[in-house]
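This is what each chain is made of:
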Amino acid sequence: MVAVKHLSYVESEKETRKVLLAFAKSIQERDIVTYEHSHRVAVYAQRLARHLGWPRRDAHDLALAALVHDLGKTWIANDILNKSAALSAEERRKMQRHPVIGARILIGCDVSSFYVETVLYHHEAWNGQGYPVGLKGEDIPVSARILAIADVYDVLTSQRPYKAPLTVAEARERLREGSGINFDPRILQAFLHLLDINPNFTLAHHQCAASLFEACTSALYTMSTAGFEVYPSKSHSIGRHKSAHV
Ligand SMILES: [Fe+2]
């Protein structure tokens, strides 16, 4: 009986991974910038989760969620998605629907609530001023709080049509300013510590180029691959299940 249960768990894990990787591929087809960003965010989030003491399996699940965190953007119109100037209030409102759209797509595929909630809440802010719900503090799932930091760090260090990339030191300072406002202070502290102890933490943007989809994807799951694994730190221990939402 136990063996049968385990088999069905493994099968559903496999199915989930297949579904999420198919969605990651669809993001690649639709918007290469978002796709490459998602890969880097997945690596950063996975490293941070391990640093916080998460077991490998949980950190791996978080990386999968990060790969599709902006899935909802595939349903946003091109003129908004690719606009190089600042968005109008109405355009911003439409853009800010992407966590809800992504979560609805995942609910339709019957993936576990962990993935749905991580995607849905990745733009919530520690002070309750985020979106789409305005959750505050520890009401935000831990997974989404980790993802939010990884997400913003990659945006800050990336070239975008409307901005030059910040240096690591500049991005570090910008994140620090958001402690207790945008970000969970304890998780942010762990992330800043990771940056400090790993001079090569920040991924070069060619490392997940489109042609490397399979290589990057398999590397994401090869946890022992150099540079992808960071050993858990007891001092920063924040488990996956500390929030009521996970
Ligand atoms: Fe997003």
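Residues numbered from 1 in each chain as written. Predicted model: local features only at pLDDT ≥ 70, side-chain atom pairs only at ≥ 80, totals over all residues.

What about the overall build of the protein?
Here is step 1: In terms of regular secondary structure, the protein is built from 11 helices and zero strands.
Here is step 2: Going from N to C terminus, the protein has its helices and strands arranged as α-α-α-α-α-α-α-α-α-α-α.
Here is step 3: The buried share among the 246 residues of the protein stands at 36%.
Here is step 4: If you take every contact in the protein between residues at least 6 apart in sequence, the share linking residues at least 24 apart comes to 69%. (Helix = DSSP H or I, 4+ residues; strand = E, 2+ residues; numbered from the N terminus. Buried ≥ 20, exposed ≤ 12 C-beta atoms within 10 Å, placed from the backbone. Contact = placed C-beta atoms within 7 Å.)

Observations regarding the nonpolar core
Here is step 1: Core analysis: the largest hydrophobic core is formed by 50 residues, its most contacted members being A45, L48, A66, I146, L147, I149 and A150.
Here is step 2: Among the secondary structure elements, those contributing two or more residues to this core are helix 1 (2-30), helix 2 (32-51), helix 3 (56-67), helix 6 (98-108), helix 7 (113-120), helix 8 (142-156) and helix 10 (185-197).
Here is step 3: Every residue in contact with A150, bar those within four places of it in the chain, is listed here: V41, Y44, A45, L48 and A66. (Core = buried A, V, L, I, M, F, W, Y, C linked by C-beta atoms within 7 Å.)

Some remarks on helix 6
Here is step 1: For helix 6, every residue scored as buried is listed here: H98, P99, G102, A103, I105 and L106. When helix 6 is viewed along its axis, its buried side chains cluster within an angular range of 160 degrees and face the same direction.
Here is step 2: Elements that come into contact with the buried residues of helix 6 comprise helix 5 (89-95) and helix 7.
Here is step 3: Where helix 6 ends, the next residue or the one after it, D110, has phi of about 65 degrees, a positive value. (Arc of directions from axis to C-beta.)

Focus on the environment of Q28
Here is step 1: Within the secondary structure, Q28 is located in helix 1.
Here is step 2: The partly exposed category is assigned to Q28, around which 16 C-beta atoms lie within 10 Å.
Here is step 3: Taking C-alpha positions, Q28 is 9.6 Å from T74, a pair spaced 46 residues apart along the chain.

Considering the packing of helix 2 against helix 8
Here is step 1: Where helix 2 contacts helix 8, the two axes come as close as 8 Å, and the packing angle between them is 130 degrees. Judged on the interaxial angle alone, helix 8 and helix 2 are oblique. Considering the relative orientation of helix 2 and helix 8, their crossing is right-handed. Counting all contacts with helix 2, which are made through H37, R40, V41, Y44, A45, L48 and A49, the residues of helix 8 involved are I146, L147, I149, A150, D151, Y153 and D154.
Here is step 2: A class-by-class count of the residues in the contact of helix 2 with helix 8 yields 10 nonpolar, one polar and three charged. (Axes fitted to C-alpha atoms, helices over the stretch in contact; angles between N-to-C directions. Parallel < 35°, antiparallel > 145°, perpendicular 65-115°, else oblique. Left-handed = near helix turned anticlockwise from the far one by under 90°. Nonpolar A, V, L, I, M, F, W, Y, C, P; charged D, E, K, R; others polar.)

Comments concerning the environment of I101
Here is step 1: The topology assignment puts I101 in helix 6.
Here is step 2: Spatially, the C-alpha atom of I101 lies 7.7 Å from that of W75, the residues being 26 residues apart in sequence.
Here is step 3: Beyond its immediate stretch of four places on either side in the chain, I101 contacts G72 and W75.

Concerning the packing of helix 3 against helix 7
Here is step 1: Look at helix 3 against helix 7: their axes get within 9 Å of each other, and the N-to-C directions meet at 50 degrees. Classified by the angle between their axes, helix 3 and helix 7 sit oblique to one another. The crossing of helix 3 and helix 7 is right-handed. Where helix 3 approaches helix 7, its residues D61, L62, L64 and A65 are matched on the opposing element by F114, Y115, T118 and V119.

Considerations on the confidence of the model for the protein
Here is step 1: Confidence in the prediction for the protein averages 86 pLDDT; 81% of positions are at 70 or higher.
Here is step 2: This model gives residues 209-216 a pLDDT under 50, and the stretch forms five contacts once residues within four places in sequence are excluded. (pLDDT = per-residue confidence, 0-100.)

Notes on unusual backbone geometry
Here is step 1: Following Y131, the chain continues to P132 via a peptide bond in cis, the omega torsion being 10 degrees.
Here is step 2: Along the polypeptide, P132 turns up in the loop between helix 7 and helix 8.
Here is step 3: In this structure, D110 is a non-glycine residue whose phi angle is positive, near 65 degrees.
Here is step 4: Position of D110 relative to the elements: it lies in the loop between helix 6 and helix 7.

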